[in-house]
Amino acid sequence: MKRVFAIVIALVFALSAAAFAESQPLRVAAVLSGSLGDRSFYDSANDGIAQLTAKYDNVQGTVIECKNDASMFTSNLISAAESNDIVIAVGWEFWDALTEYVPQLPDTKFIFIDNGLDGVGDNLLSITYAQNEGSFLVGYIAGKLSQTGKVGAVGGEDSDTINDFIVGYEAGAKLANPEIECLRQYAGTYDDPAKGKECALALYDLGCDIVFQIASKTGEGVFEAASETGNLAIGVDSDQKYINPDVIICSMIKMVNTSIVTAVSNYIDDGVFEGGTIWSADMATGFIDVGYGDETMTQQVSDELKAEVAAIKADIISGAIEVPSVF
């Protein structure tokens, strides 16, 4: 009888412990190298956190901004890791901090957005994006629509990730028009629309009639320059057409939000965290695409051209078209 009683007590404690564990919130923090309000890359990450908290009652989400201040990258990452179960580092700028501190914080799970960091620890999942593939599509559109034979791009900085967008964009434009010229400017910042406008105006003055913004909030200045000069622009990371449908012809979409939701949901639903691996989010995964806004917005891209782009997209996925990359 005593043995039966002991077993019952043990089961009660086990069930109580399990119930307690299930009731504990999963704390998820996204640490952004830049700032919210870009209506692009960082806002997409924020949307991913919002989707998670809406989807799961037991998820507590936090977003921490570093505002492109290098002195905050490491301190904010460590602070987030000390008070959260999963930390999502959004931006290549966290490379050094993750390399150093992921091994020191084995109880925290990390997700690195936009770069692949290998061999650091089983508690780190990296997600890279084939931005060159999506940029190829919008480059093709630019090459088809350009009236001057010149198109441009404004990058936030001269880096491998930004240049991966640009090489894809240029290759797509040249598929559409082998004679086209592709010019570029680097703003040197991701949060200064005035600088983005200055760079875009320089490109428009050189004869470009379409400019691809690859500069987060800085890129909003590109849209202003396009509007003021009667030219066109292309958005990035999110479908930005709604910002100014009359000048933004399309956007290259990199679904940071969806990738965050997918990675965390896999852990919550299936207990699977793919630490120690690098996800490659290419066009075949559905995380890379081109957006045209909705049917209520001005459509500079004809249905015929959209059909051409869809065919090119299928060729990229099948491997019939191999898009060049910096990486």
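Here is a short report on the structure shown in this document.

Quick notes on the rules
- Residues numbered from 1 in each chain as written.
- Predicted model: local features only at pLDDT ≥ 70, side-chain atom pairs only at ≥ 80, totals over all residues.
- Heavy atoms only, no water.
- Helix = DSSP H or I, 4+ residues; strand = E, 2+ residues; numbered from the N terminus.
- Buried < 20%, exposed > 50% of the residue type's maximum accessible area, 1.4 Å probe, protein only.
- Contact = heavy atoms within 4.5 Å.
- Lys, Arg positive; Asp, Glu negative; His and termini not counted.
- Charge placed at Lys NZ, Arg CZ, Asp CG, Glu CD.
- Pairing = 2+ DSSP bridges.
- Axes fitted to C-alpha atoms, helices over the stretch in contact; angles between N-to-C directions.
- Parallel < 35°, antiparallel > 145°, perpendicular 65-115°, else oblique.
- Left-handed = near helix turned anticlockwise from the far one by under 90°.
- Nonpolar A, V, L, I, M, F, W, Y, C, P; charged D, E, K, R; others polar.

**Some words on the overall build of the protein chain**
Here is step 1: Along the protein chain, the regular secondary structure elements total 10 helices and 12 strands.
Here is step 2: A principal-axis box enclosing the C-alpha atoms of the protein chain has dimensions of 90 × 40 × 40 Å.
Here is step 3: Within the protein chain, the fraction of its 327 residues that count as buried is 50%.
Here is step 4: Sequence-distant contacts, at least 24 apart, represent 68% of the contacts inside the protein chain between residues at least 6 apart.
Here is step 5: Side chains of the protein chain carry 18 positive and 47 negative charges; the gap between the two charge centres is 4 Å.

**Details of the sheet that holds strand E9 (residues 232-237)**
Here is step 1: Pairing is mixed in the open sheet, where six strands are placed in the order E7-E6-E8-E9-E10-E12. The outermost strands of the open sheet, each flanked by one partner alone, are strand E7 (181-186) and strand E12 (288-291). The mean inter-strand angle of the sheet, taken between neighbouring strand axes irrespective of direction, is 20 degrees.
Here is step 2: Sheet analysis places E9 next to strand E10 (residues 248-254), joined by five bridges and oriented parallel. The residue of E10 that forms the bridge with Val236 is Met252.

**Overview of the packing of helix H5 (residues 131-145) against helix H6 (residues 160-176)**
Here is step 1: Packing of H5 against H6 brings their axes to within 6 Å, and their N-to-C directions diverge by 40 degrees. On the basis of their axis angle, the class for H5 and H6 is oblique. Seen from above, H5 lies across H6 with right-handed handedness. In contact with Gln131, Asn132, Ser135, Phe136, Val138, Gly139, Tyr140, Ala142, Gly143 and Lys144 of H5, H6 contributes Thr161, Asp164, Phe165, Gly168, Tyr169, Ala171, Gly172, Ala173, Leu175 and Ala176.
Here is step 2: In the contact of H5 with H6, the residues fall into 10 nonpolar, eight polar and two charged.

**A few points about the environment of Leu117**
Here is step 1: Mapping Leu117 onto the fold places it in the loop between strand E4 (109-113) and strand E5 (124-129).
Here is step 2: With a relative accessible area of 8%, Leu117 lands in the buried category.
Here is step 3: The spatial distance from the C-alpha of Leu117 to the C-alpha of Thr99 is 7.8 Å, given a sequence separation of 18 residues.
Here is step 4: Every residue in contact with Leu117, bar those within four places of it in the chain, is listed here: Trp95, Leu98, Thr99, Phe112, Leu124, Ser126 and Ile278.

**Considerations on the sheet that holds strand E1 (residues 26-32)**
Here is step 1: A sheet is described by the order of its strands in space; here six strands give the open sequence E2-E1-E3-E4-E5-E11, paired in parallel fashion. This sheet does not close on itself; its edge strands, each paired only once, are strand E2 (59-65) and strand E11 (277-281). Neighbouring strand axes in the sheet, compared pairwise and without regard to direction, differ in orientation by 15 degrees on average.
Here is step 2: Relative to E11, E5 runs parallel, the two sharing five bridges.

**So, unusual backbone geometry**
Here is step 1: Look at Arg39: it is not a glycine, yet its phi comes out positive at around 55 degrees.
Here is step 2: Counting through the fold element by element, Arg39 comes out in the loop between E1 and helix H2 (41-55).
Here is step 3: A relative accessible area of 32% places Arg39 in the partly exposed class.
Here is step 4: Unlike most non-glycine residues, Ser216 shows phi in positive territory, near 55 degrees.
Here is step 5: Tracing the backbone shows Ser216 in the loop between strand E8 (210-214) and helix H8 (220-229).

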